[in-house]
Amino acid sequence: MAPEIEEWKDECYGEELRKKLLEFAEAGWDSIPDDEREKWFSLFKHWGVFHQRDGQESYFMMRLQNAGGVLRPGQLRAIGEVARDYATGPAENPEFGNGFIDLTTRQSVQLHWIKLEDVPAIWERLESVGVSSRSSGGDSMRNMAGCPVAGRDEQEFIDSRDLLERLNTALREDDALADLPRKFNVSVTGCREGCAQDSINDIGLEPAEKSVGGEPTRGYNVRIGGGLGGRQPREARPLDVFVTEEEAYPVVRGFVELYQEHGNRENRQKSRSRFFVDDWGVEEIRATLQKEYVDSELRTAGEDLREEYSYNAGTCRGGDHVGVHRQRNGEYYVGLSVPVGRLRAEEAIAIADCAEAYGSGEVRLSRRQNPLIMDVPEGDLDALLSEPVLDTHSPEPHPFQRGSIACTGTEFCPLALTETKARLARTIRWLRDNCELPDDVEDVHIHYSGCTADCGQALTADIGLQGMRARKNGEMVEALDIGVGGGMGENPSFIDWIHQRVPADEAPTVVKKLVEGYAAHREEGQSFRDWVGETGAETLVELAEPEESSYEDPWMYDAKGSWYPFDDGESPAPTTVDGTPLSADD
């Protein structure tokens, strides 16, 4: 029997669902019948509106969408103003205050503490500058990932902007494709660095070249069925198809339609396209696409550029667009580092100010949760680099700050088992003060996910952390599984777990010992990922035993059990229609 959500989607989806959401917003939170909340909260996700976790009843997260991380002039400012005016809650985060935005690993933006009654005003403000939340959640295509400097990169192989925009508007916004078996990720990499990380997408296009009609032709090879989560990751598998820019859209659409029609709707644990590819196999999928979904003849794959990939590829140097970089038109872009991907509202507005004052006003977002200020004339670089907001979010960050990624965690997410963003921010400061890195190492990728859904992409990190629970001194505490050696690039690999259920206050010493072992025993120029592969997981287990240290963790004791990890008081959110408050102990 299909899950109940399939019946709910049949009843109300797309534009009809938006109207219903606006009706509830006008009538207020209490107008949602108590016994229908699960239904409506599941459906609201299609419009990017996610109810937050237990104890935060009546508060929502809103996720926004774009194509390839591009925020056009005025859009980041509008988002920052919405965060300032509407995304403030009843308690402050000790690291980030109140009123902030989260940058995601799919180049989008999330706002928290949104009241349902404010959704119409927020949509009006954002949509006035072309920002939408449509299809940013639920069982639909998520943010279309791409190289954040498409069209600007000096070494770009093929400009992917037009294709991404077509996929975003003609495919993603097609109501006929709004209802998929589960969420679906699309990426287009047009650069030589592999910025869109095609290997962990449901369908990914990677730059390639092939002789077509006797002429060398630039286009894309196609990969399908990649993804993380549930400790069942898959590297996207080659479909053995090369497409030109004009041929790419029908092939992507064909695979989406095939998955929509034949994907598993009975078991949501096995509904993602990676399991669909497991079941059908690449050869059958290719043959079915050719026979039933794609009119033109499918060519075999061309020569790819994967050996040049540097983005999250486990190299010692960059590849993440942080820093000052020359564009193909002679201007520059400046990539800022936002540790753990969280910007205060006033910082977002300040970055928008800088983009307007020194560049074209356009800001782009990378998959490493960082913003890029685009189109800066060389003569304005010094003035931009002296702006106060760049002191906090520097284009020359410490390697630990540069490499950090964190998901939302128990602060707002109902799935997470541990707090993430504040903990990782605290951890990287401690590592910065207590570890020395080799001079040629620009970053160490430390990714932290609050659960096995792996929204923080821990499985692709140099050092991956996933939230768990453990007992310490007879008490239940927040804990982390710790793995090493992940990365994308030419040969993607997922981490090997070396310690499990490490109490959160002992985990930083594991990271410290790993980094110190790397610094002491690496060959000159050797990356952390390569050192891990050479050293072996068994040796690293012994090298990096957990233990307490000068690091202190103030959020050890079950943040998931309180209404908010940073507040011990009573929840201000109503838990029933009559507004009965929830005790922090419940």
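Procedures and definitions
Sequence order sets the numbering: in each chain, residues are counted from 1 along the sequence as written. This being a predicted model, a pLDDT of at least 70 is required before a residue's local features are given, and a value of 80 or more before pairs of side-chain atoms are given or counted; all residues contribute to the totals for chains, interfaces and linings. Derived side-chain values reflect all non-hydrogen atoms in the structure, with water molecules and hydrogen atoms excluded from consideration. Numbering goes from the N terminus for both helices and strands, where a helix is a DSSP run of H or I of at least four residues and a strand is a run of E of at least two. Based on C-alpha atoms, the radius of gyration is set beside the globule rule, defined as 2.2 Å times the residue count to the power 0.38. Whether a residue is buried, partly exposed or exposed follows from its accessible area with a 1.4 Å probe, protein chains only, as a fraction of its type maximum: under 20%, in between, or over 50%, in that order. Two strands pair if DSSP finds at least two bridges between them. Here, axes are lines fitted to C-alpha atoms. For helices the fit covers the stretch in contact, and angles between N-to-C directions go from 0 to 180 degrees. The contact criterion used is simple: two residues touch if any of their non-hydrogen atoms lie within 4.5 Å. A 1.4 Å probe that fits but cannot get out identifies a cavity on a 1 Å grid over protein atoms alone, an open set with protein on both sides within 12 Å along at least five of seven lines counts as a pocket, and a residue lines either if it has an atom within 4 Å of a point. Grid points are joined across faces, edges and corners, and a volume is the space filled by probe spheres set on the points. Nonpolar residues are Ala, Val, Leu, Ile, Met, Phe, Trp, Tyr, Cys and Pro. Charged residues are Asp, Glu, Lys and Arg, and all others, Gly as well, are polar. By convention a nonpolar core is built from buried Ala, Val, Leu, Ile, Met, Phe, Trp, Tyr and Cys residues, the set being connected through side-chain atoms within 4.5 Å. If an angle is under 35 degrees, it is roughly parallel; if it is over 145, roughly antiparallel; if it lies from 65 to 115, roughly perpendicular; otherwise it is oblique. Left-handed is the label given to a crossing in which the near helix is rotated counterclockwise from the far helix by less than a right angle, and right-handed is the label when the rotation is clockwise. Here a salt bridge means any side-chain nitrogen of Lys or Arg lying within 4 Å of a carboxyl oxygen belonging to Asp or Glu. For the purposes of this analysis, a disulfide is any pair of cysteine sulfur atoms at a distance within 2.5 Å. Working definition: a ring pair exists when centres of Phe, Tyr or Trp rings (six-membered ring for Trp) sit within 6.5 Å. Plane angles under 30 degrees give stacked, over 60 give edge-to-face, the rest tilted. Ring-over charges, as used throughout, are those where CZ of Arg or NZ of Lys falls within 6 Å of the ring centre and within 35 degrees of the ring normal.

**Q** Residue-level account of the overall build of the protein chain, with values.
**A** Scanning the protein chain from N- to C-terminus turns up 17 helices and 21 strands. Against the 2.2 N^0.38 benchmark of 25 Å for 586 residues, the protein chain shows a C-alpha radius of gyration of 23 Å, consistent with a compact globule. Its C-alpha atoms give the protein chain principal-axis dimensions of roughly 70 × 60 × 55 Å. When the 586 residues of the protein chain are sorted by exposure, 62% land in the buried category.

**Q** Summarise the sheet that holds strand β18 (residues 446-449); cite the residues concerned and give the values.
**A** Sheet strands associate in pairs through backbone hydrogen bonding, adopting either a parallel or an antiparallel arrangement. Read across the sheet, five strands follow the order β17-β18-β19-β20-β21 without closing on themselves; strand pairing throughout is mixed. Two strands in the sheet have a free side with no partner beyond their single neighbour: β17 (404-406) and β21 (496-503). Across the sheet, the axes of successive neighbouring strands diverge by a mean angle of 25 degrees, strand direction being ignored. In terms of strand pairing, strand β19 (residues 463-472) meets strand β20 (residues 475-484) through ten bridges, oriented antiparallel. Its bridge partner lying in β20, glycine 467 is registered against leucine 480. Of the strands in this sheet, β17, β18 and β20 are in contact with helix α14 (residues 421-434), which crosses β17 at around 160 degrees.

**Q** Which residues make up the pairing of strand β4 (residues 100-103), and what values go with them?
**A** Burial of the side chains of β4 extends over both faces: Phe100 and Asp102 are buried on one face and Ile101 and Leu103 on the other. Bridging between β4 and strand β14 (residues 342-344) involves three bridges; their strand directions are antiparallel. Across the sheet, residue phenylalanine 100 finds its bridge partner in β14, namely arginine 344. The hairpin formed by β4 and strand β5 (residues 109-115) contains five residues between the paired strands, and glutamine 107 there has a positive phi angle of roughly 65 degrees.

**Q** Summarise empty space enclosed by the protein; cite the residues concerned and give the values.
**A** In this structure the tally under the stated criterion is four cavities of 30 Å³ or more. Of the voids in this model, the largest cavity is the one considered here, and its volume is about 70 Å³. Lining the largest cavity are Arg423, Leu424, Thr427, Leu431, Ile446, Tyr448, Leu465, Leu480, Ala504, Ala507, Pro508 and Val511. Element by element, the count of residues in the lining of the largest cavity is highest for α14, at four residues. Tallied by class, residues from the lining of the largest cavity come to ten nonpolar, one polar and one charged. What the second largest cavity holds in volume is close to 40 Å³. Split by residue class, the lining of the second largest cavity holds three nonpolar, four polar and two charged.

**Q** Would you mind going over the nonpolar core in detail, with residue names and values included?
**A** One finds Phe44, Met62, Ile101, Leu111, Leu116 and Leu126 to be the most contacted residues of the largest nonpolar core, which totals 58 residues. Sorting elements by how many residues they give to this core places helix α10 (residues 345-358) first, with seven residues. Other than its neighbours up to four places away in sequence, leucine 111 contacts Phe60, Met61, Met62, Leu64, Ile79, Val82, Ala83, Ala87, Phe100 and Ile101. With 49 residues, the next largest nonpolar core counts Ala91, Phe412, Ile428 and Ile482 among its residues.

**Q** Tell me about the layout of surface pockets, and please be specific about residues and values.
**A** Quantified by volume, the second largest pocket comes out at close to 340 Å³. Along its surface, the second largest pocket is lined by 23 residues, and Asn66, Ala67, Val70, Arg72 and Glu165 are the ones closest to its centre. Among the elements of the structure, β3 (70-71) and α6 (161-171) are those that each provide at least two residues to the lining of the second largest pocket. Residue contributions to the lining of the second largest pocket peak at six residues, all from α6. Residues of the lining of the second largest pocket, tallied by class, amount to seven nonpolar, eight polar and eight charged.

**Q** Lay out the packing of α14 against helix α15 (residues 507-521) with the relevant residues and their values.
**A** Running from N to C, α14 and α15 cross one another at 40 degrees; their axes reach a closest spacing of 11 Å. One finds that α14 runs oblique with respect to α15. By crossing handedness, the relation of α14 to α15 is classed as right-handed. Across from Thr427, Trp430, Leu431 and Asn434 in α14, the residues of α15 making contact are Pro508, Thr509, Val511, Lys512 and Glu516.

**Q** I'd like a rundown of the pattern of salt bridges, residues and numbers included.
**A** In this structure the tally under the stated criterion is 50 salt bridges. A salt bridge links glutamate 156 to arginine 328; the shortest N-O distance between them is 2.8 Å. With glutamate 156 in the loop between β6 (145-146) and α6 and arginine 328 in the loop between β12 (323-326) and β13 (332-335), this pair connects stretches of sequence that are 172 residues apart. Here glutamate 206 ties to arginine 306 by a salt bridge, and the two come within 2.3 Å at their closest N and O atoms. Residue glutamate 206 is located in strand β8 (residues 203-212), and its partner arginine 306 is located in the loop between β11 (303-304) and β12; the two are separated by 100 residues in the primary sequence.

**Q** Kindly report on the state of the cysteines, identifying the contributing residues and their values.
**A** Counted according to the given criterion, the structure contains zero disulfides. In this model cysteine 147 remains outside any disulfide bridge; the closest cysteine sulfur is found in cysteine 195, 3.7 Å from its own.

**Q** Which residues make up the sheet that holds β5, and what values do they have?
**A** The strand order across the open sheet built from five strands is β1-β2-β5-β4-β14, with neighbouring strands paired in antiparallel fashion. A single partner strand is all that each edge strand has here, and the edge strands are β1 (49-51) and β14. Strand-to-strand twist across the sheet, computed as the mean angle between neighbouring axes with direction ignored, equals 30 degrees. The strands touched by helix α4 (residues 75-86) are β4 and β5; relative to β5, the strand with the most contacts, the crossing angle is about 30 degrees.

**Q** Report on the packing of aromatic side chains, specifying residues and quantitative values.
**A** The final tally for this structure, using the stated rule, is 25 aromatic pairs. Here phenylalanine 255 and phenylalanine 276 contribute two aromatic rings whose centre-to-centre distance is 6.4 Å and whose plane-to-plane angle is 40 degrees, an arrangement assigned as tilted. Taken together, the residues span a long stretch of sequence, with phenylalanine 255 in helix α7 (residues 245-262) and phenylalanine 276 in helix α8 (residues 273-280) at a distance of 21 residues. Neither residue differs from the other here; phenylalanine 255 and phenylalanine 276 are each classed as buried. Their ring planes at 85 degrees and their centres at 5.4 Å tell us that tryptophan 555 and phenylalanine 566 sit as a pair that is edge-to-face. With tryptophan 555 in the segment after α17 (537-543) and phenylalanine 566 in the segment after α17, the pair connects residues that are eleven residues apart, well separated along the chain. Residue classification places tryptophan 555 among the buried residues on the basis of a relative accessible area of 11%. Residue classification places phenylalanine 566 among the buried positions, given a relative accessible area of 17%. In this structure, arginine 18 is placed above the aromatic ring of tryptophan 123, and the distance from its NZ or CZ to the ring centre is 4.4 Å.

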